[in-house]
Each structure stands twice: as C-alpha cells, then as structure tokens.
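# Topology and contacts: notes
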Amino acid sequence: AAKPKLCYFRGRCRMESIHWLLAAAGVEFEEEFLETREQYEKLQKDGHLLFGQVPLVEIDGMVLTQTRAILSYLAAKYNLRGKDLKEAVRIDMYADGTLDLMMMIAQAAFKPPEEKEEDLALVVQKAKTRYFPVFEKILKDHGEDFLVGNTFSWADIQLLEAILMVEELNASVLSDFPLLKAFKTRISNMSTIKKFLQPGRQRQPPPDGRYVEVVRNVLQL
Ligand SMILES: CCCCC[C@H]1O[C@@H](O)C[C@@H]1SC[C@H](NC(=O)CC[C@H](N)C(=O)O)C(=O)NCC(=O)O
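Residues numbered from 1 in each chain as written. Predicted model: local features only at pLDDT ≥ 70, side-chain atom pairs only at ≥ 80, totals over all residues. Heavy atoms only, no water.

Our focus in this paragraph is helix α7 (residues 178-188). Among the residues making up α7, those that are buried are L180, F183, I187 and S188. Across the axial projection of α7, the buried residues extend over an arc of 115°, all falling on one side. (Buried < 20%, exposed > 50% of the residue type's maximum accessible area, 1.4 Å probe, protein only. Helix = DSSP H or I, 4+ residues; strand = E, 2+ residues; numbered from the N terminus. Arc of directions from axis to C-beta.)

And the structure:
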C-alpha cells in the first residue's frame, strides 16, 4: 500500500502527535511541508481542506483533516486503541488531556516574548499540578507497564510525547513523579520509538521564529 502522505508546516504543533503515532506503529510516511501561501491556496482549491485547515493526511484513499479524527483513525488502524470500547474511551480521555497540554505549548510560540515566557511557565505549573499527578496515580493504581489494559496504546505514545515536550521547558519536571520517570524510560526504549527519537528522524524541533513566520505568512495571520 502507498505510504501515508502528511501535509503541514515544518514544525510540531498539531502534526507532531501524528508523526509520533505513525513512528510508534513503525509506519513510514511521506511529508509535504507548507512553506508558501500558494501551496495552501492550491490545497484549498483542490478541495482537500474540509474546513480550510491543516494537518492534512492522505491515507487509504482518503483525504483526512482534523487532528483528533486522524489520530483516532490511525490508533484504531494500528491496534493502538485498546481491546474494546471501554478501553478506547479511556485512551481517548488520556490522549485528549495530553493534547490540551501540548496545545498550550504550541500556542505560546505565537506570543510576544514576555507573554510566551509566562505562558510556558504556566504550562510547566499545569503539568506539575494537574496533568502529571493524574498520570502518576493512574500508573500507581493500574499497576501495569502501560496506561490502559496491559498493552501499549496511543495514550502511552501521547504521554511520552508530552513528558519530553515539558522536559524541554523544565528538565527536572519529573522529580516528584517516580512512576512517570520509569514510564518514560520504558516507553522511550521501545524499538520503534527509540528509532524515532534518534537525531535526524522525522521528529520536529521546538517552534522557533522561522516556524512562526512561515505559519503567519501561509495563513496570513
Ligand atoms: C495565533 C496562533 C495561530 C496558530 C495557527 C496554526 O499554527 C499552529 O501552530 C497551530 C495552527 S495549525 C493551522 C490551522 N489548523 C487548525 O487550527 C486545525 C484545527 C483542527 N481542529 C485540527 O485539530 O486539525 C489552520 O490550518 N488554520 C487555517 C485557518 O483556520 O484558516
């Protein structure tokens, strides 16, 4: 089958969780990076953008947008969405929580320096007081290597992505979360994820001025 084709800016934000999921599933993908307004307008003209937005993923003969819908489809397709509906909804809840946290980081990139600083400090605070305590407790109560059931799922991928992203902001953020530390080591060492984390793979760097400039130009923000 043809490789999935991803279309987004050369950066993280909404597409990064899709990179992670495909990489964790060991699925090779192609990418088109949006650099110009013309590219974006062509996608719109071709009717590929349902609501005029990216991320865009072409897979299995479909043209998909809406990050959450894409992630749900991919998680189900690659057996990363639990063994039944009850596990699936728990995976969705956990994944949604990490997406909320990571979106806070993504949006901060577009703020002026002082505000960005404040926003990112708030993100670290939220991670330490709201999100990570929840996941620490889940791991403690559940007593398994993974967040849901006793198998690897999309929720585990999302949590690792979020942990690494928050650690970029504050390296000692896991100091009060021993189970999350062990979780991070365990999941990072899974072969497909270990490969993805090596330099030069398709993981994107944190947003920088160039990324913000390209997004603003392409979207005319
Ligand atoms: C000020 C902050 C602006 C952020 C704008 C974009 O840069 C990324 O960091 C976040 C977004 S992504 C680009 C944006 N896409 C979305 O907002 C997708 C939202 C959708 N619910 C999803 O989850 O896929 C976009 O295409 N907008 C065109 C426009 O709506 O006309």
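This part covers the sheet that holds strand β1 (residues 5-8). Note: strands within a sheet are paired through backbone hydrogen bonds, in either parallel or antiparallel orientation. Pairing in this open sheet of 4 strands is mixed, and the strands run β2-β1-β3-β4 from one edge to the other. In this open sheet, the two strands that pair with only one neighbour each are β2 (30-33) and β4 (62-65). Direction aside, the axes of adjacent strands within the sheet are offset by 20° on average. The pairing of β1 with strand β3 (residues 56-59) spans 3 bridges and is antiparallel. Its bridge partner lying in β3, K5 is registered against E58. (Pairing = 2+ DSSP bridges. Axes fitted to C-alpha atoms, helices over the stretch in contact; angles between N-to-C directions.)

Turning to a negative patch on the surface, a few remarks are in order. Where like charges cluster on the molecular surface, the negative patch consists of E114, E115, E117 and E118. With respect to the helices and strands, E117 occurs in helix α5 (residues 113-142). (Patch = residues over 30% accessible without salt bridge, like charges linked within 9 Å, V, L, I, M, F, W, Y side chains within 5 Å. Areas by Shrake-Rupley, 256 points an atom, 1.4 Å probe, with all protein chains shown as cover. Salt bridge = Lys/Arg side-chain N within 4 Å of Asp/Glu carboxyl O. Lys, Arg positive; Asp, Glu negative; His and termini not counted. Charge placed at Lys NZ, Arg CZ, Asp CG, Glu CD.)

Attention shifts here to the site of the ligand. Contacts to the ligand come from 16 residues, most closely from C13, V54, Q66, T67 and Y211. Y40 is positioned such that a nitrogen or oxygen atom in its side chain is 3.4 Å from an oxygen atom of the ligand. Within the contact set of the ligand, an oxygen atom lies 2.9 Å away from a side-chain nitrogen or oxygen of T67. Across the complex, the protein chains shield 72% of the 720 Å² of accessible surface that the ligand would expose by itself. (Near = heavy atom within 4 Å. Polar contact = N/O pair within 3.5 Å; in protein donor to acceptor, adjacent residues only side chain to side chain.)

A few words on the packing of helix α4 (residues 85-108) against helix α6 (residues 154-169). Packed helices, taken two at a time, are described by the angle their axes make and the gap between the axes. For the pair α4 and α6, interaxial distance at closest approach is 9 Å and the crossing angle is 25°. Classified by the angle their axes make, α4 and α6 are roughly parallel. Our pair here, α4 against α6, has a crossing hand that is left-handed. Residues I91, D92, Y94, A95, T98, L99, L101, M102 and I105 of α4 form the contact with α6, whose participating residues are W154, A155, Q158, L159, E161, A162, M165, V166 and L169. Partitioned by chemical class, the residues of the contact of α4 with α6 number 14 nonpolar, 2 polar and 2 charged. (Parallel < 35°, antiparallel > 145°, perpendicular 65-115°, else oblique. Left-handed = near helix turned anticlockwise from the far one by under 90°. Contact = heavy atoms within 4.5 Å. Nonpolar A, V, L, I, M, F, W, Y, C, P; charged D, E, K, R; others polar.)

What follows concerns the side chain of D92. Structurally, D92 is set in helix α4. The contacts of D92, once residues within four sequence positions are left out, are R68, R81 and W154.

Next up on the list: the pairing of β1. Sheet topology note: the β1/β2 ladder contains 4 bridges and is parallel. Counted as the bridge partner of Y8 is F33 from β2. With helix α1 (residues 16-24) bridging β1 and its parallel neighbour β2, the resulting β-α-β unit is right-handed. (Right-handed = clockwise from strand over helix to strand, strands pointing away.)

Attention shifts here to the packing of aromatic side chains. The full count for this structure, using the stated rule, is 7 aromatic pairs. Plain terms: the ring middles of Y94 and F135 are 5.9 Å apart, the flat faces sit at 85° to each other, and that makes the pair edge-to-face. Of the two residues, Y94 is situated in helix α4 and F135 in helix α5; the sequence distance between them amounts to 41 residues. Their ring planes at 85° and their centres at 6.0 Å tell us that F132 and F177 sit as a pair that is edge-to-face. Placement of F132 in helix α5 and of F177 in the loop between α6 and α7 is noted, with a sequence separation of 45 residues between them. As far as the burial class goes, F132 and F177 line up, both buried. By way of ring pairs, the aromatic residues Y8, F9, F110 and Y211 are connected into one cluster. (Phe/Tyr/Trp six-rings, centres within 6.5 Å; stacked < 30°, edge-to-face > 60°.)

Read these as layout, nothing more, since geometry by itself doesn't imply function.
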